[in-house]
Amino acid sequence: MELKKEWQSLPTPCYVVEENLLKKNLVVLKRVADATGCHILLAQKAFSMFYFYPLIGQYLAGVTASGLFEARLGHEEMSGQNHIFSPAYKEEEFAEILQICDHIVYNSFSQWKKFREQALAAGRECGLRINPECSTQEHGIYDPCAPGSRFGVTLENFQPEELAGLSGLHFHTLCEQNVDALEETLLAVEAKFGKWLHQMKWLNFGGGHHITRADYDVERLIACIRRIQAKYDVEVYLEPGEAVALNAGFLVTTVLEIVENGMKTAILDTSAACHMPDVLEMPYRPQIIGAGEPAEKPYTYRLGGPTCLAGDNIGDYSFDAPLAIGDRLGFCDMAIYSMVKNNTFNGMPLPTIAAVDSSGQTKIVRRFGYEDFKNRLS
Ligand SMILES: Cc1ncc(COP(=O)(O)O)c(C=O)c1O
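Keep in mind the model is a prediction, meaning the values are calculated, not measured.

Each value, and the rule that gives it
Residues numbered from 1 in each chain as written. Predicted model: local features only at pLDDT ≥ 70, side-chain atom pairs only at ≥ 80, totals over all residues. Heavy atoms only, no water. Core = buried A, V, L, I, M, F, W, Y, C linked by side-chain atoms within 4.5 Å. Buried < 20%, exposed > 50% of the residue type's maximum accessible area, 1.4 Å probe, protein only. Helix = DSSP H or I, 4+ residues; strand = E, 2+ residues; numbered from the N terminus. Contact = heavy atoms within 4.5 Å. Pairing = 2+ DSSP bridges. Right-handed = clockwise from strand over helix to strand, strands pointing away. Axes fitted to C-alpha atoms, helices over the stretch in contact; angles between N-to-C directions. Parallel < 35°, antiparallel > 145°, perpendicular 65-115°, else oblique. Left-handed = near helix turned anticlockwise from the far one by under 90°. Nonpolar A, V, L, I, M, F, W, Y, C, P; charged D, E, K, R; others polar.

**Q** Would you explain the nonpolar core in this entry?
**A** In globular proteins that are soluble, nonpolar side chains generally tend to be buried together. Within the largest apolar cluster, 97 residues are counted, with the highest numbers of intra-cluster contacts made by F47, I56, Y106, F205, L303 and F331. No other element matches helix α6 (residues 179-197), which puts eight residues into this core. When near neighbours in sequence (up to four residues on either side) are disregarded, I56 contacts L26, L42, F47, M78 and V244. L10, C14, I289 and C332 belong to the second-largest nonpolar core, a separate cluster that totals 10 residues.

Here it is, written out as C-alpha coordinates:
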(Lines give C-alpha, C1' and ligand atoms only; values in the text may rest on other atoms or scores of the structure.)
Protein backbone atom coordinates (compact mmCIF):
# COMPACT_ATOMS: atom_id res chain seq x y z
CA MET A 1 0.00 0.00 0.00
CA GLU A 2 1.18 3.50 -0.80
CA LEU A 3 0.63 6.89 0.71
CA LYS A 4 -2.21 8.41 -1.31
CA LYS A 5 -1.58 11.52 -3.41
CA GLU A 6 -4.62 13.32 -1.96
CA TRP A 7 -3.19 12.99 1.53
CA GLN A 8 -0.45 15.47 0.63
CA SER A 9 -2.93 18.34 0.65
CA LEU A 10 -4.92 17.41 3.78
CA PRO A 11 -4.59 19.54 6.88
CA THR A 12 -2.80 17.32 9.39
CA PRO A 13 -3.19 15.56 11.69
CA CYS A 14 -6.21 14.04 9.97
CA TYR A 15 -8.22 10.85 10.43
CA VAL A 16 -9.20 9.55 6.99
CA VAL A 17 -11.92 6.90 6.90
CA GLU A 18 -12.70 5.11 3.64
CA GLU A 19 -16.23 4.11 2.71
CA ASN A 20 -15.08 1.12 0.64
CA LEU A 21 -13.03 -0.29 3.51
CA LEU A 22 -15.96 0.12 5.89
CA LYS A 23 -18.28 -1.55 3.40
CA LYS A 24 -15.93 -4.52 3.12
CA ASN A 25 -16.40 -5.10 6.87
CA LEU A 26 -20.13 -4.42 6.80
CA VAL A 27 -20.66 -7.00 4.05
CA VAL A 28 -18.99 -9.68 6.22
CA LEU A 29 -21.11 -8.71 9.24
CA LYS A 30 -24.30 -8.70 7.20
CA ARG A 31 -23.48 -12.15 5.87
CA VAL A 32 -23.40 -13.44 9.46
CA ALA A 33 -26.71 -11.71 10.23
CA ASP A 34 -28.34 -13.01 7.02
CA ALA A 35 -27.08 -16.56 7.52
CA THR A 36 -28.32 -16.80 11.10
CA GLY A 37 -31.02 -14.19 11.65
CA CYS A 38 -28.95 -12.72 14.49
CA HIS A 39 -28.87 -8.96 15.09
CA ILE A 40 -25.56 -7.13 14.85
CA LEU A 41 -25.21 -3.73 16.52
CA LEU A 42 -22.43 -1.17 16.22
CA ALA A 43 -20.77 -0.60 19.62
CA GLN A 44 -20.34 3.17 19.32
CA LYS A 45 -17.59 3.26 21.93
CA ALA A 46 -15.18 2.04 19.24
CA PHE A 47 -16.38 4.12 16.32
CA SER A 48 -18.84 7.00 16.48
CA MET A 49 -18.13 8.78 13.19
CA PHE A 50 -21.80 9.39 12.59
CA TYR A 51 -21.13 10.71 9.10
CA PHE A 52 -21.10 7.02 8.18
CA TYR A 53 -24.13 5.95 10.26
CA PRO A 54 -26.52 6.06 7.26
CA LEU A 55 -24.21 3.62 5.48
CA ILE A 56 -23.77 1.41 8.55
CA GLY A 57 -27.54 1.41 9.06
CA GLN A 58 -27.95 -0.30 5.70
CA TYR A 59 -26.02 -3.31 6.98
CA LEU A 60 -26.47 -3.52 10.76
CA ALA A 61 -29.52 -3.74 13.02
CA GLY A 62 -28.71 -0.65 15.10
CA VAL A 63 -26.31 0.59 17.74
CA THR A 64 -25.40 0.07 21.35
CA ALA A 65 -24.33 2.78 23.77
CA SER A 66 -22.28 3.02 26.96
CA GLY A 67 -24.34 5.86 28.37
CA LEU A 68 -26.82 8.60 27.62
CA PHE A 69 -24.70 10.62 25.21
CA GLU A 70 -23.85 7.70 22.95
CA ALA A 71 -27.47 6.63 23.13
CA ARG A 72 -28.54 10.10 22.00
CA LEU A 73 -26.09 10.02 19.15
CA GLY A 74 -27.42 6.67 18.02
CA HIS A 75 -30.99 7.90 18.35
CA GLU A 76 -30.32 11.03 16.34
CA GLU A 77 -28.11 9.61 13.63
CA MET A 78 -28.81 5.89 13.17
CA SER A 79 -31.82 3.88 12.15
CA GLY A 80 -32.75 0.60 13.84
CA GLN A 81 -32.46 -0.59 17.43
CA ASN A 82 -30.86 1.45 20.20
CA HIS A 83 -29.39 -0.58 23.08
CA ILE A 84 -27.61 0.66 26.16
CA PHE A 85 -25.46 -0.89 28.86
CA SER A 86 -23.97 1.02 31.77
CA PRO A 87 -22.50 -0.33 35.01
CA ALA A 88 -24.71 2.16 36.87
CA TYR A 89 -27.41 4.50 35.54
CA LYS A 90 -28.02 7.96 36.97
CA GLU A 91 -31.56 8.54 38.18
CA GLU A 92 -31.70 11.97 36.56
CA GLU A 93 -30.78 10.52 33.16
CA PHE A 94 -33.01 7.49 33.18
CA ALA A 95 -36.20 9.13 31.88
CA GLU A 96 -34.35 10.31 28.78
CA ILE A 97 -32.73 6.90 28.33
CA LEU A 98 -36.19 5.35 28.42
CA GLN A 99 -37.36 7.70 25.69
CA ILE A 100 -34.61 6.83 23.24
CA CYS A 101 -33.43 3.29 24.03
CA ASP A 102 -35.42 0.16 23.26
CA HIS A 103 -33.12 -2.30 25.07
CA ILE A 104 -31.62 -1.54 28.49
CA VAL A 105 -29.03 -3.83 30.04
CA TYR A 106 -28.29 -3.69 33.78
CA ASN A 107 -25.06 -4.65 35.46
CA SER A 108 -26.49 -5.85 38.75
CA PHE A 109 -29.73 -6.99 40.36
CA SER A 110 -29.63 -3.86 42.45
CA GLN A 111 -29.78 -1.68 39.31
CA TRP A 112 -32.48 -3.89 37.84
CA LYS A 113 -34.63 -3.57 40.94
CA LYS A 114 -34.09 0.18 41.06
CA PHE A 115 -35.20 0.86 37.49
CA ARG A 116 -37.38 -2.10 36.49
CA GLU A 117 -40.77 -0.56 37.21
CA GLN A 118 -40.01 2.53 35.16
CA ALA A 119 -38.50 0.55 32.30
CA LEU A 120 -41.27 -2.04 32.08
CA ALA A 121 -43.96 0.63 32.33
CA ALA A 122 -42.32 2.32 29.34
CA GLY A 123 -42.43 -1.00 27.46
CA ARG A 124 -38.65 -1.36 27.20
CA GLU A 125 -36.86 -4.69 26.83
CA CYS A 126 -34.56 -5.25 29.77
CA GLY A 127 -31.51 -7.45 30.06
CA LEU A 128 -28.98 -8.39 32.71
CA ARG A 129 -25.25 -8.58 32.18
CA ILE A 130 -23.80 -11.81 33.49
CA ASN A 131 -20.18 -12.60 34.23
CA PRO A 132 -19.29 -16.17 33.28
CA GLU A 133 -15.89 -15.78 35.00
CA CYS A 134 -14.17 -17.23 31.98
CA SER A 135 -11.01 -15.30 31.06
CA THR A 136 -9.80 -16.08 27.57
CA GLN A 137 -7.27 -13.28 27.07
CA GLU A 138 -4.23 -11.77 28.65
CA HIS A 139 -4.88 -8.01 28.53
CA GLY A 140 -5.77 -7.46 32.19
CA ILE A 141 -7.37 -4.04 31.68
CA TYR A 142 -9.56 -5.42 28.90
CA ASP A 143 -10.68 -8.51 30.80
CA PRO A 144 -14.16 -8.13 32.32
CA CYS A 145 -13.79 -11.63 33.78
CA ALA A 146 -10.68 -10.82 35.82
CA PRO A 147 -11.00 -11.49 39.55
CA GLY A 148 -12.80 -8.63 41.28
CA SER A 149 -14.25 -7.32 38.00
CA ARG A 150 -17.12 -4.85 38.40
CA PHE A 151 -18.84 -6.15 35.26
CA GLY A 152 -21.77 -8.53 35.26
CA VAL A 153 -23.46 -10.72 37.81
CA THR A 154 -21.54 -13.85 38.76
CA LEU A 155 -23.31 -17.11 39.44
CA GLU A 156 -22.71 -16.61 43.15
CA ASN A 157 -24.65 -13.33 43.06
CA PHE A 158 -27.38 -14.49 40.69
CA GLN A 159 -30.94 -14.09 41.99
CA PRO A 160 -33.24 -16.38 39.98
CA GLU A 161 -36.27 -15.14 41.92
CA GLU A 162 -35.78 -11.66 40.39
CA LEU A 163 -35.86 -12.68 36.74
CA ALA A 164 -39.50 -11.83 36.01
CA GLY A 165 -39.58 -8.95 33.53
CA LEU A 166 -36.10 -9.57 32.14
CA SER A 167 -36.12 -10.54 28.49
CA GLY A 168 -32.42 -11.11 27.90
CA LEU A 169 -28.98 -11.91 29.22
CA HIS A 170 -25.82 -10.16 28.07
CA PHE A 171 -22.17 -11.03 28.39
CA HIS A 172 -19.10 -9.21 27.14
CA THR A 173 -15.80 -10.93 27.83
CA LEU A 174 -13.70 -10.85 24.65
CA CYS A 175 -11.16 -8.45 23.15
CA GLU A 176 -9.89 -8.79 19.57
CA GLN A 177 -10.51 -12.52 19.63
CA ASN A 178 -11.35 -15.33 17.26
CA VAL A 179 -14.29 -17.70 17.53
CA ASP A 180 -12.46 -20.28 19.66
CA ALA A 181 -12.60 -17.84 22.59
CA LEU A 182 -16.32 -17.32 21.98
CA GLU A 183 -16.91 -21.07 21.94
CA GLU A 184 -15.10 -21.46 25.25
CA THR A 185 -17.06 -18.56 26.73
CA LEU A 186 -20.40 -19.92 25.53
CA LEU A 187 -19.69 -23.23 27.25
CA ALA A 188 -19.03 -21.35 30.50
CA VAL A 189 -22.18 -19.24 30.04
CA GLU A 190 -24.26 -22.35 29.42
CA ALA A 191 -22.77 -24.29 32.31
CA LYS A 192 -23.49 -21.45 34.74
CA PHE A 193 -26.58 -19.72 33.37
CA GLY A 194 -27.97 -22.14 30.76
CA LYS A 195 -30.97 -23.21 32.79
CA TRP A 196 -32.29 -19.63 32.90
CA LEU A 197 -31.52 -18.97 29.25
CA HIS A 198 -34.52 -21.06 28.19
CA GLN A 199 -36.84 -18.46 29.70
CA MET A 200 -35.15 -15.53 27.90
CA LYS A 201 -36.03 -13.96 24.58
CA TRP A 202 -32.47 -13.05 23.68
CA LEU A 203 -28.81 -13.50 24.49
CA ASN A 204 -26.30 -10.76 23.68
CA PHE A 205 -22.75 -12.06 22.99
CA GLY A 206 -21.21 -8.57 23.56
CA GLY A 207 -18.23 -7.36 21.53
CA GLY A 208 -14.58 -8.29 21.09
CA HIS A 209 -15.29 -10.56 18.12
CA HIS A 210 -12.67 -9.74 15.46
CA ILE A 211 -15.05 -10.98 12.78
CA THR A 212 -13.64 -8.89 9.94
CA ARG A 213 -10.02 -9.88 10.50
CA ALA A 214 -8.65 -12.04 7.66
CA ASP A 215 -8.11 -15.13 9.83
CA TYR A 216 -11.45 -14.99 11.69
CA ASP A 217 -13.46 -18.18 11.27
CA VAL A 218 -16.80 -16.75 10.18
CA GLU A 219 -18.35 -20.15 9.41
CA ARG A 220 -17.66 -21.33 12.96
CA LEU A 221 -19.26 -18.16 14.30
CA ILE A 222 -22.36 -18.86 12.22
CA ALA A 223 -22.44 -22.40 13.64
CA CYS A 224 -22.10 -21.07 17.21
CA ILE A 225 -24.97 -18.63 16.77
CA ARG A 226 -27.21 -21.27 15.19
CA ARG A 227 -26.47 -23.73 18.00
CA ILE A 228 -27.46 -21.25 20.71
CA GLN A 229 -30.57 -20.13 18.81
CA ALA A 230 -31.73 -23.72 18.39
CA LYS A 231 -30.87 -24.98 21.86
CA TYR A 232 -32.42 -22.13 23.86
CA ASP A 233 -34.90 -20.68 21.37
CA VAL A 234 -33.37 -17.22 21.82
CA GLU A 235 -32.53 -14.38 19.47
CA VAL A 236 -28.81 -13.65 19.37
CA TYR A 237 -27.26 -10.18 19.43
CA LEU A 238 -23.64 -9.32 18.72
CA GLU A 239 -22.29 -5.85 19.41
CA PRO A 240 -18.83 -5.55 17.86
CA GLY A 241 -17.10 -2.19 17.75
CA GLU A 242 -13.67 -2.86 16.32
CA ALA A 243 -14.88 -5.34 13.71
CA VAL A 244 -17.14 -2.71 12.13
CA ALA A 245 -14.36 -0.27 11.29
CA LEU A 246 -11.29 -2.50 11.51
CA ASN A 247 -8.60 -1.29 9.08
CA ALA A 248 -11.05 1.23 7.62
CA GLY A 249 -9.16 4.39 8.53
CA PHE A 250 -5.80 6.12 8.72
CA LEU A 251 -4.23 8.92 10.67
CA VAL A 252 -2.20 11.18 8.39
CA THR A 253 0.51 13.24 10.02
CA THR A 254 3.37 15.56 9.06
CA VAL A 255 6.98 15.37 10.21
CA LEU A 256 7.67 18.65 12.04
CA GLU A 257 11.26 18.20 13.18
CA ILE A 258 14.01 15.66 13.58
CA VAL A 259 16.18 15.55 16.71
CA GLU A 260 19.13 13.34 17.63
CA ASN A 261 20.14 11.84 20.95
CA GLY A 262 21.83 8.51 20.34
CA MET A 263 19.17 7.91 17.70
CA LYS A 264 17.02 9.98 15.40
CA THR A 265 13.55 10.95 16.55
CA ALA A 266 11.05 12.45 14.14
CA ILE A 267 8.62 14.77 15.92
CA LEU A 268 5.19 14.56 14.33
CA ASP A 269 2.14 16.79 14.50
CA THR A 270 0.22 13.89 16.02
CA SER A 271 0.52 12.44 19.50
CA ALA A 272 0.08 8.92 20.82
CA ALA A 273 -1.24 10.33 24.10
CA CYS A 274 -3.81 12.60 22.44
CA HIS A 275 -4.80 11.03 19.13
CA MET A 276 -4.15 7.29 19.46
CA PRO A 277 -4.12 6.64 23.22
CA ASP A 278 -4.48 2.87 22.80
CA VAL A 279 -0.92 2.82 21.45
CA LEU A 280 0.20 3.64 25.00
CA GLU A 281 -2.66 2.01 26.90
CA MET A 282 -2.92 -1.37 25.20
CA PRO A 283 0.00 -1.01 24.28
CA TYR A 284 0.52 -1.73 20.57
CA ARG A 285 2.55 -0.64 17.59
CA PRO A 286 0.47 0.71 14.71
CA GLN A 287 1.52 -0.07 11.15
CA ILE A 288 2.72 2.80 8.98
CA ILE A 289 2.30 2.70 5.24
CA GLY A 290 5.66 1.92 3.64
CA ALA A 291 7.56 1.59 6.94
CA GLY A 292 9.18 -1.48 8.49
CA GLU A 293 10.46 -2.78 11.80
CA PRO A 294 13.50 -0.94 13.23
CA ALA A 295 16.57 -1.56 11.00
CA GLU A 296 14.53 -3.59 8.51
CA LYS A 297 14.97 -0.71 6.06
CA PRO A 298 18.01 1.60 5.85
CA TYR A 299 16.71 4.59 7.87
CA THR A 300 15.34 4.06 11.37
CA TYR A 301 13.56 6.71 13.44
CA ARG A 302 11.66 6.89 16.68
CA LEU A 303 8.37 8.68 16.07
CA GLY A 304 7.30 11.03 18.82
CA GLY A 305 4.49 13.46 19.54
CA PRO A 306 4.91 17.19 20.18
CA THR A 307 3.59 16.97 23.77
CA CYS A 308 5.57 17.23 27.01
CA LEU A 309 5.05 13.56 27.86
CA ALA A 310 8.43 11.81 27.68
CA GLY A 311 6.67 8.59 26.77
CA ASP A 312 4.64 10.12 23.95
CA ASN A 313 6.39 7.86 21.44
CA ILE A 314 4.54 5.85 18.86
CA GLY A 315 7.39 3.44 18.23
CA ASP A 316 10.57 2.89 16.21
CA TYR A 317 10.16 2.46 12.45
CA SER A 318 12.45 2.16 9.45
CA PHE A 319 12.08 3.72 6.02
CA ASP A 320 13.59 3.33 2.55
CA ALA A 321 14.65 6.99 2.43
CA PRO A 322 15.61 9.48 5.14
CA LEU A 323 12.64 11.34 6.61
CA ALA A 324 12.51 15.06 5.90
CA ILE A 325 10.62 17.87 7.57
CA GLY A 326 7.24 18.19 5.86
CA ASP A 327 6.99 14.49 4.93
CA ARG A 328 3.60 12.89 5.38
CA LEU A 329 3.14 9.57 7.14
CA GLY A 330 0.01 7.41 7.28
CA PHE A 331 -0.76 5.32 10.38
CA CYS A 332 -3.01 2.33 9.65
CA ASP A 333 -6.13 1.07 11.44
CA MET A 334 -6.89 4.42 13.03
CA ALA A 335 -10.68 4.54 12.72
CA ILE A 336 -11.33 2.56 15.90
CA TYR A 337 -10.77 3.67 19.49
CA SER A 338 -8.96 6.75 18.17
CA MET A 339 -11.27 9.71 17.52
CA VAL A 340 -13.62 8.49 20.27
CA LYS A 341 -10.78 8.65 22.78
CA ASN A 342 -8.81 11.69 21.69
CA ASN A 343 -8.11 14.65 23.92
CA THR A 344 -6.45 18.07 23.88
CA PHE A 345 -3.73 17.51 26.50
CA ASN A 346 -1.04 20.21 26.08
CA GLY A 347 -3.50 22.13 23.93
CA MET A 348 -3.00 19.65 21.12
CA PRO A 349 -5.46 20.32 18.30
CA LEU A 350 -7.94 17.55 17.58
CA PRO A 351 -7.29 15.90 14.21
CA THR A 352 -9.43 16.86 11.24
CA ILE A 353 -11.88 14.15 10.17
CA ALA A 354 -12.07 13.24 6.49
CA ALA A 355 -14.04 10.64 4.57
CA VAL A 356 -13.24 8.99 1.26
CA ASP A 357 -16.39 8.11 -0.69
CA SER A 358 -16.87 5.01 -2.83
CA SER A 359 -15.51 6.77 -5.93
CA GLY A 360 -12.30 7.74 -4.11
CA GLN A 361 -13.15 11.39 -3.51
CA THR A 362 -11.81 12.74 -0.22
CA LYS A 363 -14.02 15.14 1.72
CA ILE A 364 -13.22 16.98 4.92
CA VAL A 365 -16.08 16.24 7.29
CA ARG A 366 -15.01 18.30 10.29
CA ARG A 367 -12.19 20.56 11.39
CA PHE A 368 -11.48 21.56 14.98
CA GLY A 369 -9.92 24.68 16.37
CA TYR A 370 -8.96 26.61 19.45
CA GLU A 371 -12.59 26.89 20.65
CA ASP A 372 -12.86 23.09 20.89
CA PHE A 373 -9.88 23.12 23.24
CA LYS A 374 -11.05 26.10 25.27
CA ASN A 375 -14.69 25.08 25.64
CA ARG A 376 -13.81 21.94 27.57
CA LEU A 377 -11.88 23.80 30.23
CA SER A 378 -14.21 26.34 31.80
C1 LIG B 1 -20.31 -4.08 26.68
C2 LIG B 1 -19.45 -3.94 25.46
N3 LIG B 1 -19.97 -4.25 24.26
C4 LIG B 1 -19.23 -4.12 23.13
C5 LIG B 1 -17.93 -3.69 23.17
C6 LIG B 1 -17.16 -3.55 21.88
O7 LIG B 1 -16.00 -4.30 21.85
P8 LIG B 1 -15.06 -4.35 20.58
O9 LIG B 1 -14.85 -2.98 20.09
O10 LIG B 1 -13.80 -4.97 21.10
O11 LIG B 1 -15.75 -5.24 19.59
C12 LIG B 1 -17.33 -3.38 24.41
C13 LIG B 1 -15.93 -2.93 24.49
O14 LIG B 1 -15.39 -2.65 25.50
C15 LIG B 1 -18.13 -3.50 25.59
O16 LIG B 1 -17.63 -3.17 26.80
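This is not the end of the story, as more comes after the structure.
**Q** In this structure, what is going on with the pairing of strand β9 (residues 235-238)? I would like to understand it.
**A** Each regular strand displays side chains that alternate between the two surfaces of the sheet. The pairing of strand β2 (residues 39-43) with β9 spans two bridges and is parallel. For I40, the partnering residue across the bridge sits in β9 and is L238. Since strand β8 (residues 202-204) and β9 lie parallel, the crossover through helix α7 (residues 218-232) that links them has a hand, and here it is right-handed.

**Q** What exactly am I supposed to notice about the packing of helix α3 (residues 68-77) against helix α4 (residues 91-100) here?
**A** How two helices sit against one another is set out by the angle between their axes and by the gap between those axes. Orientation of α3 relative to α4, taken along the N-to-C sense of each, is 25°, at an axis distance of 10 Å. Judged on the interaxial angle alone, α4 and α3 are roughly parallel. Considering only the axes of α3 and α4, their crossing is left-handed. Residues L68, A71, R72 and H75 of α3 lie in contact with α4, whose contacting residues are E93, E96, I97 and I100. A breakdown of the residues in the contact of α3 with α4 according to their chemical character gives four nonpolar, one polar and three charged.

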